[in-house]
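Each chain, written out:
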Amino acid sequence: MNPSPYHTIPTTLVNKMMNQLDKILNSQKGIISSINCRYDEIRKVIPQDFDKWRRILPGLMDIWSTEDIRYIKLNKDYKMLKEAICKDELIIKIDELMKNHRKIRELRLREREYVTLLLAAEETNGSSSEIAQNEIAPMKRKKLQESDDEDTGMTISKLGELTMKVRPQKQETGHNMKHCKMDEDEVLEMNRDDVDAPKMDVDDVVFEMDTRLETKVDDGNRQLQIFHMDSTAQNRLHSIKLWPPSQSRRQIFVERITIILTMPSILSTKYGLLSTEEAQEDVKRIEAAAFETANQHFEKESDGDGGSALQLYAKQSSTLMMEAVKRGPRVKQEITIAPENKKVVFDISKGKRAFIDADEAKDLLKPLQEPGNKYTKICFSNRSFGLDAARIAAPVLVSLKGQLTEVDLSDFVAGRPEDEALEVMKMFSAALEGFDLRYLDISDNALGERGVRAFSELLSSQSNLEELYLKNDGISEEAAKAVVELIPSTQKLKILHFHNNMTDDEGAIVISELLKKSPILEDFRCSFTWVGSEGGIALSEALATCTGLMKLDLRDNMFGVKAGIALSKTVSLLTNLTEIYLGYLKLENEGSLALVNALKDSAKFLEVVELAGNYVTAEAASGLAEFIVARKESLVMILLSRNELKDEGVITIAKALEEDFPRLTEVDLSFNMIRRAGAKVLAQAVVGKPGFKVLNINGNYISDEGVEDVKEIFKNSPDMLGPLDDNDPEGEEYDDEDEDADEDV
């Protein structure tokens, strides 16, 4: 095979391209800093002056809209650059640009989620359109500087000019930039500009757009408006199928709004904060009622395009959501006392989620003051303690020294100003200093380094902890250093969870030092923590000391192939693994195969394996099949969704599944570009297995005939076949001779 002509690009040209890419990286760093500064200012302004915030808000929404447009354009530019430049060192640099670009997007979404419920303030002193320009000015300065994005665009343009010098060579290789795959945002932009664009489903346009909440003033009352489309998109409604949304998209809507309703806000301080369980229950009821109302309207709609039904759906959802927010948490039994293997639990988390004052604290904590009580565990989660309530609780806790062994203080200062929250943490920490705890949960408190150090007296007195939970605590590099510094010993630690933190590589390197000092760890979770290749390698090497590990969850990080290979070397030592979750780690074929080969030879008791979203293709299918057969006696769940296995790969795996799997209950191969042939073979492989519960092949390219074939296979056990509402019979992501294959099958 002839070498790529791009290996002959002059060094001087490569250097020029590298310099331009470095300029973009520097610009991205400035953008990330600007967003973080803006987010900090928003969080400071809201609790202090909601009226000022209300006046600033329309300007900020305009800023968001502008940034969205830039995001779409730059995302397309980056992809075209990567497609145009086939030089390894340049592609690595562009991958870094795209990683930063995605991080910028995540930071923007974080900002929006924080403010959404605040847009629904019940009382206003003026129209939201009355913007005080002098108050918007400070926020404008926090806007991503237009010059930053313009400089990035100009730099990309210069790179394009440089690539033109070698593009004729590339065309000789048969590569065509027109076939560069575009993401959903780009497709949306293209459809807005193309007058003759074909009809699109609501899933492609409305629900794939950012779900937003905007302020709408109607006769002096604010309402939540769930969906927002710009005027250009609205002008094109005639070419878009707007109703009905699929079941999966309705579920996404439920999940997103549940998150919004459980976020601390101005409204939660007034009406109380809903628990996750309560919010889920409310949102499901709200969505179902709104959908039913809108669907009835759609059936009577004369034009039949669903536009007015969608508007009614949004309006009805908004109205019902505000009713739920104003109603506040439902009052339940506030204390749960339950024996658990000789443990007696004092739990106030099942009550209403709201601030707790001194008087209520006295009443709630009375059982802890009764002579001879046997409480060994307390759970103060889901209630927000201020200084007055903390002053009541502190001496009560002190009286339980020598008795308590488990403490849950997760989410116990929600909605409090930062200074007050930190002082409350210090008071609880001092009260619990010297307790010989086995279990400690301080999750969901947005700790950061200052919060971790507020618990210094408690943490520094713990040498026998067996379970430690620091989920959703803002554990950065500095906060992780504080944890490692303060806890004197983790020799007895069995469970350590760091889920959903902004840890990054630097923080992961610090956490790896903690792992090296935890020899009997059984359960480690470090998912959704922004860890890249360097941090992934550090964690992987440190886990080699935890040879008794049974459960490992590293999902939603950016490990890449090198970190995957490093992890495979450690996995070969973990002979007690029963569950491993490695989804969305960018492992690709090489990293994924290295891991399953290691698991094949070591993890004899493995029950759950998850490798979703790792760009695994049919080329890796035989290796996956060998692993699956090797672990057939133990496997309970095989989760391989959102890869690119296609029919070829799925048929290979299905052949492996034809063997006896005595414990297998679930197989997930959704969103794998499967068509009729693969779906039929896979269905036939699992349908008769004793104890099998569900096959998920949703989101594939199965023809209508193929869907009927699969349903026929499961006709005696229809509950074993998962939903198929996201299946796309006309999927054209790849071009195989599927029809012939279908007939053969």
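Residues numbered from 1 in each chain as written. Predicted model: local features only at pLDDT ≥ 70, side-chain atom pairs only at ≥ 80, totals over all residues. Heavy atoms only, no water.

**Structural notes on the overall build of the protein chain**
The line we're drawing: Only DSSP runs of H or I reaching four residues or more are called helices, and only runs of E reaching two or more are called strands; each is numbered from the N terminus. Only protein chains enter the accessibility calculation, which uses a 1.4 Å probe; a residue is then buried when its area is under 20% of its type maximum, exposed when over 50%, and partly exposed in between. The contact rule is simple, with two residues in contact once any of their heavy atoms fall within 4.5 Å.
Helices and strands together make up the secondary structure of the protein chain, namely 29 helices and 20 strands. Burial analysis of the protein chain (745 residues in total) assigns 54% to the buried set. Long-range contacts, defined as pairs at least 24 residues apart, comprise 84% of the intrachain contacts of the protein chain with a sequence gap of at least 6.

**A closer look at the packing of aromatic side chains**
The cut-off we apply is this: Between 30 and 60 degrees the pair is tilted, below 30 it is stacked and above 60 it is edge-to-face, where a pair is any two Phe, Tyr or Trp rings, Trp via its six-membered ring, whose centres lie within 6.5 Å. Any Lys NZ or Arg CZ that is within 6 Å of a ring centre and within 35 degrees of that ring's normal is treated as a charge sitting over the ring.
Applying the stated rule across the entire model yields 9 aromatic pairs. The interplanar angle of 70 degrees and the centroid separation of 5.5 Å between the aromatic rings of Phe 346 and Tyr 375 together place this pair among those described as edge-to-face. One end of the pair, Phe 346, is in strand E6 (residues 343–347); the other, Tyr 375, is in the loop between helix H15 (366–369) and strand E8 (377–379), with 29 residues separating them in the sequence. Their ring planes at 50 degrees and their centres at 5.4 Å tell us that Tyr 439 and Tyr 469 sit as a pair that is tilted. Residue Tyr 439 is found in strand E11 (residues 439–441), and its partner Tyr 469 is found in strand E12 (residues 467–469); the two are separated by 30 residues along the sequence. The exposure class of Tyr 439 is buried, given its relative accessible area of 11%. Here Tyr 469 falls in the buried class, since its relative accessible area comes to 11%. In this structure, Lys 377 is placed above the aromatic ring of Tyr 439, and the distance from its NZ or CZ to the ring centre is 4.6 Å.

**Let's talk about the nonpolar core**
One broad rule of soluble globular proteins: the nonpolar side chains tend to lie buried together. Rule in force here: Residues belong to a common nonpolar core when they are buried Ala, Val, Leu, Ile, Met, Phe, Trp, Tyr or Cys residues joined through side-chain atoms within 4.5 Å.
Grouped together as the largest cluster of nonpolar side chains are 123 residues, with contacts concentrated most on Phe 380, Phe 385, Phe 428, Phe 524 and Leu 657. Considering each element in turn, this core owes the most residues, 8 residues, to helix H17 (residues 418–432). The next biggest cluster of nonpolar side chains, apart from the first, holds 20 residues, and it includes Phe 253, Val 254, Ile 257 and Leu 320.

**Thoughts on the packing of helix H21 (residues 504–516) against helix H22 (residues 533–543)**
When two helices pack together, you describe them by how their axes are tilted relative to each other and by the distance separating the axes. Basically, it comes down to this: Orientation is described by lines fitted to C-alpha atoms, with helices fitted over the stretch in contact, and by angles between N-to-C directions that extend from 0 to 180 degrees. For classification purposes, an angle smaller than 35 degrees is called roughly parallel, one larger than 145 roughly antiparallel, one from 65 to 115 roughly perpendicular, and anything else oblique. For this scheme, ten residues count as nonpolar: Ala, Val, Leu, Ile, Met, Phe, Trp, Tyr, Cys and Pro. Four count as charged, namely Asp, Glu, Lys and Arg, and the remainder, Gly too, count as polar.
For the pair H21 and H22, interaxial distance at closest approach is 8 Å and the crossing angle is 5 degrees. In terms of axis orientation, H21 runs roughly parallel to H22. Contact residues: H21 offers Asp 505, Ala 508, Ile 509, Ile 511, Ser 512, Leu 515 and Lys 516, while H22 offers Ser 533, Glu 534, Gly 535, Ala 538, Leu 539, Ala 542 and Leu 543. Its residues placed into classes, the contact of H21 with H22 shows 8 nonpolar, 3 polar and 3 charged.

**A look at the pattern of salt bridges**
Put simply, the rule reads: Between Lys or Arg on one side and Asp or Glu on the other, a salt bridge is scored when a side-chain nitrogen of the former is within 4 Å of a carboxyl oxygen of the latter.
Within the structure shown, the criterion is met by 26 salt bridges. Bridged by salt links that share partners, the residues Glu 418, Asp 419 and Arg 450 form one connected network.

**Let's talk about the confidence of the model for the protein chain**
Condition: Values of pLDDT, ranging from 0 to 100, describe the predictor's confidence in every residue of the model.
Taken as a whole, the protein chain shows an average pLDDT of 76; of its residues, 67% reach a score of 70 or greater. Across residues 117–150 the pLDDT falls below 50, and counting only partners more than four positions away or on other chains, this stretch makes 83 contacts in the model.

**Some remarks on the packing of helix H24 (residues 588–602) against helix H25 (residues 621–630)**
The test is simple: Crossing handedness follows the turn of the near helix against the far one: under a right angle anticlockwise gives a left-handed crossing, and clockwise gives a right-handed one.
At their nearest, the axes of H24 and H25 sit 9 Å apart, and the two run at 20 degrees to each other. Between H24 and H25, the angle falls in the class roughly parallel. With respect to the hand of their crossing, H24 and H25 are arranged in left-handed fashion. Residues Leu 593, Val 596, Leu 599 and Lys 600 of H24 lie in contact with H25, whose contacting residues are Gly 623, Leu 624, Glu 626, Phe 627 and Ala 630. Taken together, the residues of the contact of H24 with H25 sort by class into 6 nonpolar, 1 polar and 2 charged.

**Section: a negative patch on the surface**
Put simply, the rule is: Nonpolar side chains (Val, Leu, Ile, Met, Phe, Trp, Tyr) within 5 Å and like charges within 9 Å form the patches, drawn only from residues with over 30% relative accessible area and no salt bridge. With residues, only the protein chains shown are counted as cover, and all accessible areas are computed by Shrake-Rupley using a 1.4 Å probe. Positive charges come from Lys and Arg, negative ones from Asp and Glu, while His and the chain ends are left out of the count. All charge positions are set by atom: Lys at NZ, Arg at CZ, Asp at CG, Glu at CD.
A surface patch of negative charge is lined by Asp 704, Glu 705, Glu 708, Asp 728 and Glu 730. Looking at the secondary structure, you find Asp 704 in helix H28 (residues 704–713).

**Concerning the environment of Leu 400**
Locating Leu 400 in the fold gives a position in the loop between helix H16 (387–398) and strand E10 (406–408). By relative accessible area, Leu 400 is classed as buried at 1%. For the pair Leu 400 and Lys 374, spaced 26 residues apart in sequence, the C-alpha to C-alpha distance is 9.5 Å.

**Quick notes on the side chain of Asn 672**
For clarity, the cut-off: Counting of polar contacts relies on pairs of N or O atoms within 3.5 Å, with two restrictions inside protein: one atom must be capable of donating a hydrogen and the other of accepting it, and residues adjacent in sequence are counted only when both atoms are side-chain atoms.
Tracing the chain through its elements places Asn 672 in the loop between strand E19 (666–668) and helix H27 (676–686). A polar contact of 3.3 Å, which involves the side chain of Asn 672, links it to the backbone nitrogen of Glu 644. Aside from chain neighbours lying at most four places away, what touches Asn 672 is Leu 640, Ser 641, Arg 642, Asn 643, Glu 644, Leu 645, Lys 646 and Asn 700.

**Remarks on the environment of Ser 349**
By the element assignment, Ser 349 lies in the loop between E6 and strand E7 (355–356). For Ser 349 and Asn 382, which are 33 residues apart along the polypeptide, the C-alpha to C-alpha distance reads 5.0 Å. Residues within four places of Ser 349 in sequence aside, it is in contact with Cys 379, Ser 381 and Asn 382. A distance of 2.6 Å separates a polar atom in the side chain of Ser 349 from a polar atom in the side chain of Asp 347.

**Considering helix H12 (residues 276–300)**
Definition in use: One less than the number of residues in a helix, times 1.5 Å, gives the span that helix is expected to have.
With 25 residues, H12 extends 36 Å from end C-alpha to end C-alpha; this agrees with the ideal 36 Å at 1.5 Å per step. Inspection of H12 places Glu 278, Ala 279, Asp 282, Val 283, Ile 286, Glu 287, Ala 290, Phe 291 and Ala 294 among the buried residues, and these make up the whole buried set.

**Here we look at unusual backbone geometry**
The backbone of Asp 411 shows a phi angle near 50 degrees, a positive value even though the residue is not glycine. If you trace the backbone, Asp 411 turns up in the loop between E10 and H17. Here Asp 411 falls in the buried class, since its relative accessible area comes to 13%. One non-glycine residue, Met 673, lies in positive phi territory at about 60 degrees. Tracing the backbone through its elements, the reader meets Met 673 in the loop between E19 and H27.

**Here's the deal with the side chain of Asp 523**
Structurally, Asp 523 is set in strand E14 (residues 523–525). We note that Asp 523 is buried and unpaired, the nearest opposite charge coming from Lys 551 at a distance of 4.6 Å. Filtering out sequence-adjacent residues up to four positions away, Asp 523 remains in contact with Lys 494, Ile 495, Leu 496, His 497, Leu 549 and Lys 551.

**Considering H21**
Look at H21: 19 Å from first C-alpha to last across 13 residues, which is about the 18 Å you get at 1.5 Å a residue. When we look at burial in H21, the residues that qualify are Asp 505, Gly 507, Ala 508, Val 510, Ile 511, Ser 512, Leu 514 and Leu 515.

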